[in-house]
Amino acid sequence: MTSVDVAITTRPSATCDADLAKGPWEFDLSPGYGPGASEDDVIPDPVTRPGQLPTAYQRMSEDELHERIRNTKKALGDKLVILGHFYQRDEVVQYADFVGDSFQLANAALTKPDAETIVFCGVHFMAETADILARPEQRVILPNLAAGCSMADMADEDSVESAWEDLMELYGDEPDADGRQPVIPVTYMNSSAALKAFCGRHGGIVCTSSNASTVLEWAFERGQRVLFFPDQHLGRNTAKAMGIGLDQMPMWNPRKPLGGNTEEVLRDAKVLLWHGFCSVHKRFTVDQIEQARAEHPGVRVIVHPECPMPVVDAADESGSTDYIRKAIEGGRPGDVFAIGTEINMVNRLQAEHPEMTIFCLDPVICPCSTMYRIHPGYLAWTLDGLLEGEVRNQIVVADDVATDAKVALERMLAALPAGTK
Ligand code: SF4
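Residues numbered from 1 in each chain as written. Predicted model: local features only at pLDDT ≥ 70, side-chain atom pairs only at ≥ 80, totals over all residues.

## Details of the overall build of the protein
This is how the line gets drawn: Counting from the N terminus, the helices are DSSP H or I runs at least four residues long and the strands are E runs at least two residues long. As a rule, residues whose C-beta atom has 12 or fewer other C-beta atoms within 10 Å are exposed, those with 20 or more are buried, and those in between are partly exposed; C-beta atoms are placed from the backbone.
When helices and strands are tallied, the protein shows 19 helices and 14 strands. Per-residue burial over the protein gives 48% buried out of 421 residues.

In structure tokens:
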């Protein structure tokens, strides 16, 4: 065993949430979304919640569940496509036809024209995006309807509409002498379909963590300032890298009048940052980076831009899940990577690249606790339903919402340089 192996295996392995140590069905019914969840997150009542896993499936052995999944997948053949997000647990990802980030996966499903059903093993907003982009005859299933995203829930439609009214009252709705609107709404992919539609209706656009700077440039060609939601960290990290001062990026707290700002601050603002964050990525710290460097001289530290700004500044690099994956694929035997993103993805990268050392910066095991709700039991139950002629836990975005959301998604695609779409 090398010194690197010793350091890794002796790292503490507690979990960030005691609920995660419970059985999957108990965890499934726990009321919150894990540490850092917004106060508004409410899991529906376990008795009345639609789509809850029947007791018979809760009692099945792991072997039986996996056998059912394998058999049903085989029986459905090309009529089914299963998508697995990078952060999904391995017991589920092993059945995925495609593994990727949310936008890659929604597009990947379109390459399977015979697939009548898209089963999205991710979280709610991802399944919504897949439904928006899917062909009309395709249907999208989210195996567990309780798999939400605490960050996406931090910006709800009413709060954003109310903020927009305040801003229109303050700025007016007339363009300046250069034809730029007072404010352009930009939503991160990690948001509800309703907010993507809001952006579509108000001259706004969607961004991913891969293209946020290109999208902000697009927005500044058309607007004097940007309202960026729901992730404050992606907004701040991206705008700072573009040379925008922190004093021109006030936070918009939807619980406070004018978002907690003065009119003067709002008039000087370039980017208004919504008060949202990812409970997984906000756990990474500068201390963890310093510890990784002390334990592994020469380590390459890469973090996701949903991490807080001091962490992104202290890292060697920052980039999306796809950036992180490609950086590791470009590594050499013996390289050591410390990664600031979700633990399932980091562990999978290490398993795929045993010739390198790849570890998560956070020594405490902290999966995305909502994605964790897609247990093999839910996958087996929803797939069995298809064989029995019953569509369980379908995600349907209303046509008018989907139409407006698609406008904002298409603006994003049009804004990207050729070859990156
Ligand atoms: S990792 Fe964070 S942003 Fe991504 S789905 Fe989980 S809670 Fe949402």
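## Focus on the site of the ligand
Selection criterion: Using a C-beta atom placed from the backbone, a residue is described as near a molecule or strand when that atom lies within 6 Å of it. Each residue is assigned to one of three groups, with Ala, Val, Leu, Ile, Met, Phe, Trp, Tyr, Cys and Pro labelled nonpolar, Asp, Glu, Lys and Arg labelled charged, and all others, Gly among them, labelled polar. The source of the domain bounds is an automatic or database domain assignment.
Near the ligand you find 13 residues, and of these Cys-149, Met-151, Cys-278, Val-280 and Cys-368 are the closest. Grouping the amino acids of the shell around the ligand by side-chain chemistry returns eight nonpolar, four polar and one charged. Counting contributing residues, the shell around the ligand receives three or more from each of domain 1 (20-152 + 371-398) and domain 2 (153-279 + 402-415).

## Some remarks on the sheet that holds strand β11 (residues 317-318)
To be explicit about the condition: Two strands are said to pair when DSSP picks up at least two bridges between them. The contact criterion used is a C-beta to C-beta distance within 7 Å, with each C-beta placed from the backbone. The axes used here are C-alpha line fits, helices contributing only the stretch in contact, and every angle between their N-to-C directions lies in the interval 0 to 180 degrees.
Taken in spatial order, the four strands line up as β11-β10-β12-β13 in an open sheet, and their pairing is parallel. Edge positions in the sheet fall to β11 and β13 (357-360), since each has one partner strand and no second. Across the face of the sheet, helix α17 (residues 343-352) comes into contact with β12 (336-340) and β13 while running at roughly 170° to β13.

## Focus: the UniProt feature "binding site: iminosuccinate" (unreviewed entry) in the protein
Condition: UniProt positions are given in the numbering used here, feature names are shortened, and annotations may be inferred rather than shown by experiment.
Here the UniProt-annotated "binding site: iminosuccinate" (unreviewed entry) positions come out as His-85, Ser-102, Tyr-188, Met-189, Asn-190, Ser-209, His-304, Pro-305, Glu-306 and Thr-321. As for its placement among the helices and strands, His-85 is situated in strand β1 (residues 80-85). What His-85 contacts, discounting residues up to four positions off in sequence, is Ser-102, Leu-105, Cys-121, Gly-122, Met-126 and Met-371. Not counting the four nearest positions on each side in its chain, Met-189 is found in contact with Ser-102, Phe-103, Thr-129, Val-206, Cys-207 and Thr-208.

## Quick word on the UniProt feature "binding site: [4Fe-4S] cluster" (unreviewed entry) in the protein
Here the UniProt feature "binding site: [4Fe-4S] cluster" (unreviewed entry) sits at Cys-149, Cys-278 and Cys-368. These residues run over 220 residues, yet every pair of their C-alpha atoms falls within 9.2 Å of each other. Apart from the residues lying within four places of it in its own chain, the contact partners of Cys-278 are Met-151, Asp-231 and Glu-306. Turning to its location among the elements, Cys-368 is positioned in the loop between β13 and α18 (376-387).

## Observations concerning unusual backbone geometry
Between Phe-229 and Pro-230 the backbone carries a cis peptide bond, its omega angle lying at -5°. Summarising the element assignment, Pro-230 is placed in the loop between β7 (226-229) and α12 (232-241). Positive phi outside glycine occurs at Leu-258, with the angle close to 50°. Tracing the sequence through the fold places Leu-258 in the loop between β8 (251-252) and α13 (263-268).

## Remarks on α12
Note on helix geometry: an α-helix contains 3.6 residues per turn, so any two residues three or four positions apart are oriented the same way. Burial analysis of α12 places eight of its ten residues in the buried class, the great majority of the element. Regarding α12, the residues found buried are Gln-232, His-233, Leu-234, Gly-235, Arg-236, Asn-237, Thr-238 and Ala-239. Among the residues trailing α12, Gly-243 stands out with phi positive, at a value near 95°.

## Examining the nonpolar core
Note the cut-off: A set of buried residues drawn from Ala, Val, Leu, Ile, Met, Phe, Trp, Tyr and Cys, joined through C-beta atoms within 7 Å, is what defines a nonpolar core.
Formed by 123 residues in total, the largest nonpolar core has its most connected members in Leu-83, Phe-120, Val-186, Ile-205 and Val-226. With near-sequence residues (within four places) excluded, Phe-120 lies in contact with Leu-83, Met-126, Ala-127, Ala-130, Val-140, Ile-141 and Leu-142.

## Some points on the pairing of strand β9 (residues 271-274)
On a regular strand, each side chain points to the face opposite its neighbour's, so the side chains alternate between the two faces of the sheet. Applied cut-off: Every crossover in which the path from the first strand over the helix to the second runs clockwise, viewed with the strands pointing away from the viewer, is termed right-handed.
What you see with β9 is no split at all: Val-271 and Leu-273 on one side and Leu-272 and Trp-274 on the other are buried throughout. Here β7 runs beside β9; their pairing, made up of three bridges, is parallel. Residue Leu-227 lies in a different strand from β9, and its bridge partner there is Leu-272. Relative to β9, β8 is paired through two bridges, and the arrangement is parallel. Opposite Trp-252, over in β9, you have Trp-274 as the bridge partner. Handedness of the crossover joining β8 and β9 through α13 is recorded here as right-handed.

## Digging into the pairing of β12
Counting buried positions along β12 yields five of five residues, so the element is predominantly enclosed. The sheet contact formed by strand β10 (residues 300-303) and β12 spans four bridges and is parallel. Within the sheet, the bridge partner assigned to Val-303 lies in β12 and is Gly-340. The pairing of β12 with β13 spans four bridges and is classified as parallel. Paired with Ile-339 across the bridge in β13 is Cys-360. On the question of chirality, the crossover connecting β12 to the parallel β13 by way of α17 is right-handed.

## Notes on the packing of helix α6 (residues 102-109) against helix α7 (residues 124-133)
Definition in use: Crossings are assigned a handedness: left-handed for a near helix turned anticlockwise from the far helix by less than a right angle, right-handed for a clockwise turn.
Put simply, α6 and α7 touch, their axes get as near as 9 Å, and they point 35° apart. For the pair α6 and α7, the crossing hand works out as right-handed. Contacts between α6 and α7 involve Ser-102, Phe-103, Leu-105, Ala-106, Asn-107 and Ala-109 from the first element and Met-126, Thr-129, Ala-130 and Leu-133 from the second. A breakdown of the residues in the contact of α6 with α7 according to their chemical character gives seven nonpolar, three polar and no charged.

## Regarding helix α4 (residues 62-76)
Condition: Helices are assigned an expected span. That span is 1.5 Å times one less than the residue count.
For α4, built from 15 residues, the straight-helix expectation of 21 Å at 1.5 Å per residue is met to within 8% by its first-to-last C-alpha distance of 21 Å. Against the buried residues of α4 lie α18. Phi for Gly-77, located one or two positions after α4, is positive at around 55°.

## Quick notes on the sheet that holds strand β3 (residues 117-121)
The strand order across the open sheet formed by five strands is β2-β1-β3-β4-β14, and the pairing between neighbours is mixed. The open sheet is flanked by β2 (98-100) and β14 (394-395), the only strands paired with a single partner. Those strands touched by α6 are β1, β2 and β3, and its axis lies near 170° from that of β1.

## Overview of the environment of Arg-373
Mapped onto the fold, Arg-373 is located in the loop between β13 and α18. The sequence separation of Arg-373 and Ala-146 amounts to 227 residues, and the corresponding C-alpha distance is 7.1 Å.

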